[in-house]
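The primary structure of each chain is shown beneath.
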There are 2 protein chains.
Amino acid sequence: MIIFIPPATSTPVNIMETKPDNMIRITTQRQIILEELAKVKTHPTASELYDMVRKRLPRIGLGTVYRNLELMAENGMILKLEVGGTQKRFDATTDTHYHIRCSGCGRVDDIDTPVMDDLVKEAAASSSYLVQGHHVEFTGVCPSCQEKNKDVTYQ
Amino acid sequence: MIIFIPPATSTPVNIMETKPDNMIRITTQRQIILEELAKVKTHPTASELYDMVRKRLPRIGLGTVYRNLELMAENGMILKLEVGGTQKRFDATTDTHYHIRCSGCGRVDDIDTPVMDDLVKEAAASSSYLVQGHHVEFTGVCPSCQEKNKDVTYQ
DNA sequence: CGGTATAAAAATAATCATTCCCAACATCTT
DNA sequence: AAGATGTTGGGAATGATTATTTTTATACCG
Ligand SMILES: [Mn+2]
Ligand SMILES: [Mn+2]
Ligand SMILES: [Zn+2]
Ligand SMILES: [Zn+2]
């Protein structure tokens, strides 16, 4: 069973070239990558997702995971989080929301403070950029890392 | 001439072990890396900085640049920006401020909207993390990339 | 349906940023 | 001055990501 979904045209789009036929095919691999990503709230990295997906598709390649995460992010199906740390992370929740990253272990969680959409307008007013979006990243110490380091005082 | 500067104790600090003698030595290399970084507002990457520094210190190694940028960031002398894109960027301005990254060329500029310090309190209230800080990153298209792509419509 | 064109996957190689390692050199301590 | 300690340069190693090539799956058309 193959489903097509229309592209959620994000970033730059040349109006003259917008073909009506650029749809993404939902292959087994894409389906399962998406399902596994949607299952968790942990914002996994590509290789974490690879491990999750391999339990259901043992023969999938890491390159396939990378390629499709990239593709799905371009199509607005998922979010590619370019947060601190060495690896990119992915998020099946595409509504704008903010994140916090643990400075101890790198774990990333959602922060449920209200989104400030008018920040973009403010930024646009104060710069010569064409402002497209924004995101807020908090840093802190996750509960588990606090527990591990009771002797350490954070300031 | 060697100058010592005291460490701007940032992140985790064990009060019991805070030695009074952990100072960073300002070697020629460190001095020049810092000077070159302070000269620009472009938030250069390590290798861009390497190229700048090499004009004054032709024999310096790329590893030295990485090592010292890391060290100076740990000591709060500079900022290590973990923004989107493939490379880390550095900033001699250590006061909290926000940035915008061009989705076309990766360039990073300052955004001069007021810093919202109370965001950290809000985040702390709504999560079990010990919240330490925050930063806001806007994305957009820089003037030069707008010029280059007049035919493209951004939305 | 069968045959061909096209898209995607798997396997593997290549690239890029960053870190690690170590021998040589510099600075500090006494 | 001599030993201890810190720093550098150069190069190798690592880790994440991307590119390339071959194979497999799906679509398209008669
Ligand atoms: Mn999220
Ligand atoms: Mn800045
Ligand atoms: Zn943690
Ligand atoms: Zn640009």
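Scoring rules and cut-offs
Residues numbered from 1 in each chain as written. Chains lettered and ligands numbered in written order. Predicted model: local features only at pLDDT ≥ 70, side-chain atom pairs only at ≥ 80, totals over all residues. Heavy atoms only, no water. Axes fitted to C-alpha atoms, helices over the stretch in contact; angles between N-to-C directions. Helix = DSSP H or I, 4+ residues; strand = E, 2+ residues; numbered from the N terminus. Left-handed = near helix turned anticlockwise from the far one by under 90°. Contact = heavy atoms within 4.5 Å. Donors = N, O, S within 2.8 Å, 3.2 Å for Na, K, Ca; no water. Tetrahedral: all angles 85-135°; square planar, octahedral: opposite > 155°, others 65-115°. Near = heavy atom within 4 Å. Polar contact = N/O pair within 3.5 Å; in protein donor to acceptor, adjacent residues only side chain to side chain. Salt bridge = Lys/Arg side-chain N within 4 Å of Asp/Glu carboxyl O. Buried < 20%, exposed > 50% of the residue type's maximum accessible area, 1.4 Å probe, protein only. Core = buried A, V, L, I, M, F, W, Y, C linked by side-chain atoms within 4.5 Å. Nonpolar A, V, L, I, M, F, W, Y, C, P; charged D, E, K, R; others polar. Arc of directions from axis to C-beta. Pairing = 2+ DSSP bridges. Domains from an automatic or database assignment. Buried area = accessible area lost by both parts, 1.4 Å probe.

All names here are of chain A. Interhelical geometry of helix H2 (residues 46-54) versus helix H3 (residues 62-74) gives an angle of 120 degrees and a closest axis separation of 9 Å. Here H2 runs over H3; the crossing is right-handed. Across the interface between the two elements, Ala46, Ser47, Leu49 and Tyr50 of H2 pack against Leu62, Val65, Tyr66 and Leu69 of H3.

Attention now moves to the coordination of the zinc ion (ligand 4). Residue and element names in this part refer to chain B. The protein atoms that coordinate the zinc ion (ligand 4) are Cys102 (SG), Cys105 (SG), Cys142 (SG) and Cys145 (SG), at distances of 2.3 Å. Between the 4 donor atoms coordinating the zinc ion (ligand 4), the angles at the centre fall across 107 to 115 degrees, so the site counts as tetrahedral. Each donor residue of the zinc ion (ligand 4) belongs to the same chain, with the gaps between them written as C-x2-C-x36-C-x2-C. On the criterion of sequence distance, the pair formed by cysteine 105 in the loop between strand S5 (98-102) and strand S6 (108-111) and cysteine 142 in the loop between strand S7 (130-141) and helix H5 (143-148) is long-range, its members being 37 residues apart.

Now for the protein's contact with DNA strand C. If you check the shell around DNA strand C, you find 16 residues, and the closest are Thr27(A), Arg59(A), Arg67(A), Tyr66(B) and Lys88(B). Atoms of DNA strand C within 4 Å of the protein belong to the sugar or the phosphate in 89% of instances, the rest to bases. Within the side chain of Thr64(A), one N or O atom sits 3.0 Å away from a phosphate oxygen of DNA strand C. Contact distances for DNA strand C include 3.2 Å between a phosphate oxygen and a side-chain N or O atom of Asn68(A). Elements with a contribution of two residues or more to the surface near DNA strand C: helix H1 (28-39) and H3 of chain A together with helix H3 (62-74) of chain B. No other element matches H3(A), which puts 3 residues into the surface near DNA strand C.

Residues and elements named next belong to chain A. The tally for this structure, following the rule as stated, stands at 16 salt bridges over all chains. One salt bridge connects arginine 56 with glutamate 35, and the closest N-O pair in it is separated by 2.8 Å. Taken together, the residues arginine 56 in the loop between H2 and H3 and glutamate 35 in helix H1 connect sequence positions 21 residues apart. Residue class for glutamate 35 comes out partly exposed when judged on its relative accessible area of 31%. The salt bridge partner of glutamate 70 is lysine 80, with a shortest N-O separation of 2.6 Å. Of this pair, glutamate 70 sits in helix H3 while lysine 80 sits in strand S3 (residues 79-81), and the two are 10 residues apart along the sequence. Salt bridges here are not isolated pairs; linked through shared partners, they connect Glu35, Glu36, Lys39 and Arg56.

So, about the nonpolar core. Counting residues in each nonpolar core, the largest one holds 30 residues, and the members touching the most others are Phe138(A) and Phe138(B). Of all the secondary-structure elements, those providing two or more residues to this core are strand S5 (98-102), helix H4 (118-125) and strand S7 (130-141) of chain A together with S5, helix H4 (118-125) and S7 of chain B. In this structure, Ile24(A), Leu57(A), Ile60(A) and Phe90(A) belong to the second largest nonpolar core, which totals 19 residues.

Looking at DNA strand D, there are 17 residues lining it, with Tyr66(A), Lys88(A), Thr27(B), Arg59(B) and Arg67(B) nearest. Taking the atoms of DNA strand D that fall within 4 Å of the protein, sugar and phosphate contribute 84% of them. Residue Tyr66(A) places a side-chain N or O atom 2.3 Å away from a phosphate oxygen belonging to DNA strand D. Contacts to DNA strand D include Lys88(A), whose backbone N or O atom sits 2.9 Å from a phosphate oxygen. Elements with a minimum of two residues in the surface near DNA strand D: H3 of chain A together with helix H1 (28-39) and H3 of chain B. The element contributing the most residues to the surface near DNA strand D is H3(B), with 3 residues. By residue class, the composition of the surface near DNA strand D is 4 nonpolar, 7 polar and 6 charged.

Another point: the coordination of the manganese ion (ligand 2). Residues and elements named next belong to chain B. Coordination of the manganese ion (ligand 2) by the protein comes from His43 (NE2), Asp91 (OD), His97 (NE2), His99 (NE2) and Asp110 (OD), over a distance range of 2.0 to 2.3 Å. Donor residues binding the manganese ion (ligand 2) come from one chain and are separated in sequence as H-x47-D-x5-H-x1-H-x10-D. As far as the burial class goes, histidine 97 and histidine 99 line up, both buried.

Residues and elements named next belong to chain B. Here helix H2 (residues 46-54) has its buried residues at Ala46, Leu49, Tyr50, Met52 and Val53. End-on, the buried residues of H2 take up no more than an arc of 165 degrees, which puts them together on one face. Contacts made by the buried residues of H2 are with H1, H3 and strand S4 (89-91).

In regular strands, side chains alternate between the two faces of the sheet. Residues and elements named next belong to chain B. The pairing of S5 with S6 spans 4 bridges and is antiparallel. Paired with histidine 99 across the strands is aspartate 110, a residue of S6. Where S5 folds back on S6, the antiparallel hairpin that results is connected by 5 residues, among which glycine 106 adopts a positive phi of roughly 85 degrees.

With that out of the way, let us pick up the domain arrangement of chain A. Residue and element names in this part refer to chain A. Looking at chain A, the domain boundaries give domain 1 (1-91) and domain 2 (96-155). Between domain 1 and domain 2 lies a buried interface of about 750 Å² when both sides are counted; carbon and sulfur atoms form 54% of it. The largest contributions to the domain 1 side of the interface with domain 2 come from His43, Val83 and Arg89, which together make up 44% of the buried area. Between the two partners, domain 1 and domain 2, sit 0 salt bridges. Inspection of the region where domain 1 meets domain 2 yields 6 residue pairs in polar contact (both at pLDDT 80 or more). Counting residues per element, the ones that place at least two in the side of domain 1 that touches domain 2 are S3 and strand S4 (89-91). A per-class count over the side of domain 1 that touches domain 2 returns 3 nonpolar, 5 polar and 3 charged.

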